[in-house]
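# Remarks on the overall topology
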Amino acid sequence: MSEQDVCPIIPDERYIHWSVGPEERVNLFECYVRDAMNEPIIQQYAYEFANRDPSNPAQAILDGVHEIIEYALDCGNGSCEHLMKGRLIIESGKGDCKKKSIIVAAMYRIIGIQAKVVWLHQQDSGMDSNHVAVKRCSEAVPSGDKPTAVKVYYPTNAPSCDAGGWEWVETTLPGAKVGNDPYFELERLGGNTGRTKL
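If you're wondering where the values come from, they're calculated on a predicted model, not measured in any experiment.

Below, the discussion takes up helix α6 (residues 97–110). End to end, α6 covers 20 Å across 14 residues, agreeing with the expected 20 Å (1.5 Å per residue, within 8%). Extensive coverage of α6 is indicated by the burial of 14 of its 14 residues. Following α6 by one or two positions, Gly 112 has its phi on the positive side, about 100 degrees.

Per the counting criterion, the structure on display carries 13 salt bridges. Note that Arg 52 and Glu 67 form a salt bridge whose closest N and O atoms lie 2.8 Å from each other. Remark: Glu 67 occurs in helix α4 (residues 57–68) and Arg 52 occurs in the loop between α3 (40–50) and α4; sequence separation between them is 15 residues. The partly exposed category is assigned to Arg 52, whose relative accessible area is 44%.

Turning our eyes to something else, we now look at the packing of α4 against α6. At a closest axis distance of 10 Å, the pairing of α4 and α6 adopts a crossing angle of 140 degrees. Between α4 and α6, the crossing angle belongs to the class labelled oblique. In terms of crossing hand, the pair formed by α4 and α6 is right-handed. Residue-level contacts link Ala 58, Ile 61, Leu 62, Val 65, His 66 and Ile 68 of α4 to Lys 100, Ile 103, Val 104, Met 107 and Tyr 108 of α6. Its residues assigned to classes, the contact of α4 with α6 comprises nine nonpolar, one polar and one charged.

The interhelical angle for the contact between α3 and α4, taken along N-to-C directions, is 125 degrees, at an axis separation of 8 Å. It follows that α3 is oblique to α4 by the angle criterion. Considering the relative orientation of α3 and α4, their crossing is right-handed. Counting all contacts with α3, which are made through Tyr 45, Ala 46, Phe 49 and Ala 50, the residues of α4 involved are Pro 57, Ala 60, Ile 61, Gly 64, Val 65 and Ile 68. Grouping the constituent residues of the contact of α3 with α4 by class yields nine nonpolar, one polar and no charged.

Right, let's talk about the nonpolar core for a bit. One finds Phe 29, Ile 42, Ile 103, Met 107, Tyr 108, Val 117 and Val 134 to be the most contacted residues of the largest nonpolar core, which totals 46 residues. Elements that contribute at least two residues to this core include exactly α2 (22–36), α3, α4, β3 (81–84), α5 (86–92), α6, β5 (115–124) and β6 (127–138). Among the elements that line this core, the one with the most residues is α6, at nine residues. Excluding its chain neighbours within four sequence positions, the residues that come into contact with Phe 29 are Ile 16, Leu 83, Lys 98, Ile 102, Val 117, Trp 119 and Val 132.

For the rest of this paragraph, the subject is the side chain of Lys 100. Checked against the element boundaries, Lys 100 lands in helix α6. Buried and unpaired, Lys 100 has Glu 170 as its nearest opposite-charge partner, separated by 7.9 Å. Of note is the side chain of Lys 100, whose polar atom sits 3.3 Å from the backbone oxygen of Ile 69. Not counting residues up to four positions away in its chain, the partners in contact with Lys 100 are His 66, Ile 69, Glu 70, Tyr 71, Gly 95, Thr 171 and Thr 172.

Definitions and limits used
- Residues numbered from 1 in each chain as written.
- Predicted model: local features only at pLDDT ≥ 70, side-chain atom pairs only at ≥ 80, totals over all residues.
- Heavy atoms only, no water.
- Helix = DSSP H or I, 4+ residues; strand = E, 2+ residues; numbered from the N terminus.
- Expected span 1.5 Å × (residues − 1).
- Buried < 20%, exposed > 50% of the residue type's maximum accessible area, 1.4 Å probe, protein only.
- Salt bridge = Lys/Arg side-chain N within 4 Å of Asp/Glu carboxyl O.
- Axes fitted to C-alpha atoms, helices over the stretch in contact; angles between N-to-C directions.
- Parallel < 35°, antiparallel > 145°, perpendicular 65-115°, else oblique.
- Left-handed = near helix turned anticlockwise from the far one by under 90°.
- Contact = heavy atoms within 4.5 Å.
- Nonpolar A, V, L, I, M, F, W, Y, C, P; charged D, E, K, R; others polar.
- Core = buried A, V, L, I, M, F, W, Y, C linked by side-chain atoms within 4.5 Å.
- Lys, Arg positive; Asp, Glu negative; His and termini not counted.
- Polar contact = N/O pair within 3.5 Å; in protein donor to acceptor, adjacent residues only side chain to side chain.

Printed below as a string of structure tokens:
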């Protein structure tokens, strides 16, 4: 199967109907990551941010993305699911967990760090929430496979990790540290932990 079969030509913007399941969503995210990797502005930012701290380019990219993309819910209140091509996300300067994760994963892959966008579903202690984050390939001790989420959905067409394992990257709020559980990071940083919609 060719990449064209897996990732057909994607529109600049796309609204995702509520009936689209998480498996199909993460594969759509992967297509937007691949597309973003080809955008000159994203390539430029990836190298600029990574060069800020060559000893920890993953954290430098994450911190840089927070400088250029402010957290904002889709449709102003989170009432819809909206995807955009990477250059449009950069131009708007705003993005939710999906959009920020697409940009972070694309920048990681541009500089040679394997990464993928994953869908987290948490249904515990009366909370029901969906969230999107990144997993990156690392030689460090990998994060646990599942954070406080009950189910993690992975794209079927994403790269594999030949190093030590996959490490969590929470992309929503500034100050997040690469390697920490996404829900713990959101709670630590005063963000949403699933009690209301992310």
